[in-house]
Amino acid sequence: MFKIIRIAPSIIATNWQDREELSKTLRVLEKAGCQILHLDVMDGKFVKNKTFNEELVDYVKGQTTMLLDVHLMVQNPDSEVDKYIKAGADILTVHYENTKDLPRVLERIKSKNVLAGVAINPKTPAIKLKDILQANLVDVVNVMGVEPGACGQTFIPGSAEKIAEVREMSRNVFIEIDGGVNIKNAKVLRKLGTNILVSGNTIFSSKNIRKTVRALKGKLLFREGDL
Ligand code: DX5
Ligand code: ZN
């Protein structure tokens, strides 16, 4: 099993609406050693909340060297992907639940030299991804640890088992866990074969972002209350 582990902070847990503050946040994350930034696009239709669109992705692209991991929580992903490829996504993830022609969309993303991701909601079994994994159509599987739509929710325990199930089906896919990740559950999530841990609340509500990123990576022992 390959052991790459990256921490991808999710900017919806920040004051991303303020561009000046967002730029400062990006500097802090780069200094903390983050190489991937998670961008949650919500349209207020597929999920209740609304965040940003390709315009912000394009802005962030010009502001950072981190890879942009764009998670599309939108009603019609099939017709939306091109905009985000153009805006500079490095990983572009659509949801299994609402993508009409998943193989076609994944092929489209890959043809533009962008990593193609598929996200599964807590209620969607991992086995549903078997065919596309076998066909090598997917680069990143995003296992949702919470119902999509908001940061700061509690991790749904059954999601952890799905990491091992995905790893069983594919040895080469990157596995990302998204939602409810904290310092305590990060250890087992890493052990099960996760490569990318997305984190909103845990990182941005901590006193020391650098230390929290290292702790999520398993590079720093911590005492309760330290972070
Ligand atoms: C939920 C989003 C997550 C979220 C993670 O719909 O996909 O990326 O921002 O935030 P935390 O880590 O606070 O659960
Ligand atoms: Zn996300």
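Scroll up a little and you will see the structure.
Just so you know, these numbers come straight off a predicted model, no measurement behind them.

Here's the deal with the overall build of the protein chain
Then step 1. Check the secondary structure of the protein chain and you find nine helices and eight strands.
Then step 2. Here the C-alpha radius of gyration of the protein chain, 16 Å, is about what a compact globule of 227 residues would show, namely 17 Å.
Then step 3. Viewed in the frame of its principal axes, the protein chain has a C-alpha envelope of about 45 × 40 × 30 Å.
Then step 4. With 227 residues in all, the protein chain has 53% of them scored as buried.
Then step 5. Partitioning the intrachain contacts of the protein chain with sequence separation of at least 6 by distance along the chain shows that 64% fall at a separation of at least 24.
Then step 6. Carbon and sulfur atoms make up 49% of the accessible area of the protein chain, which totals about 10900 Å².
Then step 7. In the protein chain, 34 positive and 27 negative side-chain charges are present, and the distance between their average locations comes to 7 Å.

Topic: the nonpolar core
Then step 1. Judged by nonpolar contacts, the single largest core of 65 residues is most densely connected at Leu37, Val70, Leu72 and Leu92.
Then step 2. With residues near it in sequence (within four places) discarded, Leu72 still touches Val41, Glu80, Val81, Tyr84, Leu92, Thr93, Val94 and His95.
Then step 3. In this structure, Ala8, Ile36, Ile91 and Val140 belong to the second largest nonpolar core, which totals six residues.

Brief notes about the environment of Asn136
Then step 1. Here Asn136 lies in the loop between α5 (130-134) and β6 (140-144).
Then step 2. The contact partners of Asn136, leaving out residues within four places of it in the chain, are Lys110 and Asn172.

Considerations on the state of the cysteines
Then step 1. Applying the stated criterion across every chain yields a total of zero disulfides.
Then step 2. A disulfide-free cysteine, Cys34 has its sulfur positioned 16 Å from the sulfur of Cys151, the nearest such atom.
Then step 3. Under the relative-accessibility criterion, Cys34 is labelled buried at 6%.

Digging into the site of ligand 1
Then step 1. Around ligand 1 there are 20 residues in total, and Asp40, Gly149, Gly152, Asp178 and Gly200 lie nearest to it.
Then step 2. Asp40 has a polar side-chain atom sitting 2.8 Å from an oxygen atom of ligand 1.
Then step 3. Between His71 and ligand 1, the recorded distance is 3.2 Å, taken from a side-chain N or O atom to an oxygen atom.
Then step 4. Relative to its unbound accessible area of 380 Å², ligand 1 is 99% covered by the protein chains.
Then step 5. Examining the composition of the shell around ligand 1, we find that three residues originate from one element, strand β2 (residues 36-42), more than from any other.

Description of the packing of helix α1 (residues 19-31) against helix α2 (residues 54-61)
Helix-helix packing: each pair is described by the crossing angle between the helix axes and the interaxial distance.
Then step 1. In the contact formed by α1 and α2, the axes pass within 11 Å of each other and the chain directions differ by 50°. By the angle class used here, α1 and α2 are oblique. Two packed elements cross with a definite hand, and for α1 against α2 that hand is right-handed. Judged by residue contacts, Arg19, Leu22, Ser23 and Leu26 of α1 engage Glu55, Leu56, Tyr59 and Val60 from α2.
Then step 2. Partitioning the contact of α1 with α2 into residue classes produces five nonpolar, one polar and two charged.

With respect to the packing of aromatic side chains
Then step 1. Inspection of the entire model under this criterion finds one aromatic pair.
Then step 2. For the ring pair Trp16 and Phe52, a centre distance of 5.0 Å and an interplane angle of 80° mean the geometry is edge-to-face. Taken together, the residues Trp16 in the loop between β1 (6-9) and α1 and Phe52 in the loop between β2 and α2 connect sequence positions 36 residues apart.
Then step 3. On the basis of relative accessibility, which here comes to 13%, the residue Trp16 falls in the buried class.

A short note on the coordination of the zinc ion (ligand 2)
Then step 1. For the zinc ion (ligand 2), the protein coordination sphere consists of His38 (NE2), Asp40 (OD), His71 (ND1) and Asp178 (OD), at 2.1 to 2.3 Å.
Then step 2. With six donor atoms in place around the zinc ion (ligand 2) and angles of 69 to 173° between them, the coordination shape is octahedral.
Then step 3. Going along the chain, you hit the donors of the zinc ion (ligand 2) in the pattern H-x1-D-x30-H-x106-D. Of this pair, Asp40 sits in strand β2 while Asp178 sits in strand β7 (residues 174-178), placing them 138 residues apart in sequence. Each member of the pair, Asp40 as well as Asp178, is classed as buried.

Section: helix α9 (residues 209-217)
Then step 1. Restricting attention to buried positions, one finds in α9 the residues Ile209, Thr212, Val213, Ala215 and Leu216. Along α9, the residues classed as buried sweep out an arc of 165° about the axis, all on the same side.
Then step 2. Looking at where α9 begins, the residue whose side-chain oxygen comes 3.2 Å from the main-chain nitrogen of Arg210 is Asn208.
Then step 3. Of the residues trailing α9, Gly218 is marked for its positive phi of about 85°.

Cut-off values and rules
Residues numbered from 1 in each chain as written. Chains lettered and ligands numbered in written order. Predicted model: local features only at pLDDT ≥ 70, side-chain atom pairs only at ≥ 80, totals over all residues. Heavy atoms only, no water. Helix = DSSP H or I, 4+ residues; strand = E, 2+ residues; numbered from the N terminus. Rg over C-alpha atoms; globule rule 2.2 N^0.38 Å. Buried < 20%, exposed > 50% of the residue type's maximum accessible area, 1.4 Å probe, protein only. Contact = heavy atoms within 4.5 Å. Areas by Shrake-Rupley, 256 points an atom, 1.4 Å probe, with all protein chains shown as cover. Lys, Arg positive; Asp, Glu negative; His and termini not counted. Charge placed at Lys NZ, Arg CZ, Asp CG, Glu CD. Core = buried A, V, L, I, M, F, W, Y, C linked by side-chain atoms within 4.5 Å. Disulfide = S-S within 2.5 Å. Near = heavy atom within 4 Å. Polar contact = N/O pair within 3.5 Å; in protein donor to acceptor, adjacent residues only side chain to side chain. Axes fitted to C-alpha atoms, helices over the stretch in contact; angles between N-to-C directions. Parallel < 35°, antiparallel > 145°, perpendicular 65-115°, else oblique. Left-handed = near helix turned anticlockwise from the far one by under 90°. Nonpolar A, V, L, I, M, F, W, Y, C, P; charged D, E, K, R; others polar. Phe/Tyr/Trp six-rings, centres within 6.5 Å; stacked < 30°, edge-to-face > 60°. Donors = N, O, S within 2.8 Å, 3.2 Å for Na, K, Ca; no water. Tetrahedral: all angles 85-135°; square planar, octahedral: opposite > 155°, others 65-115°. Arc of directions from axis to C-beta.

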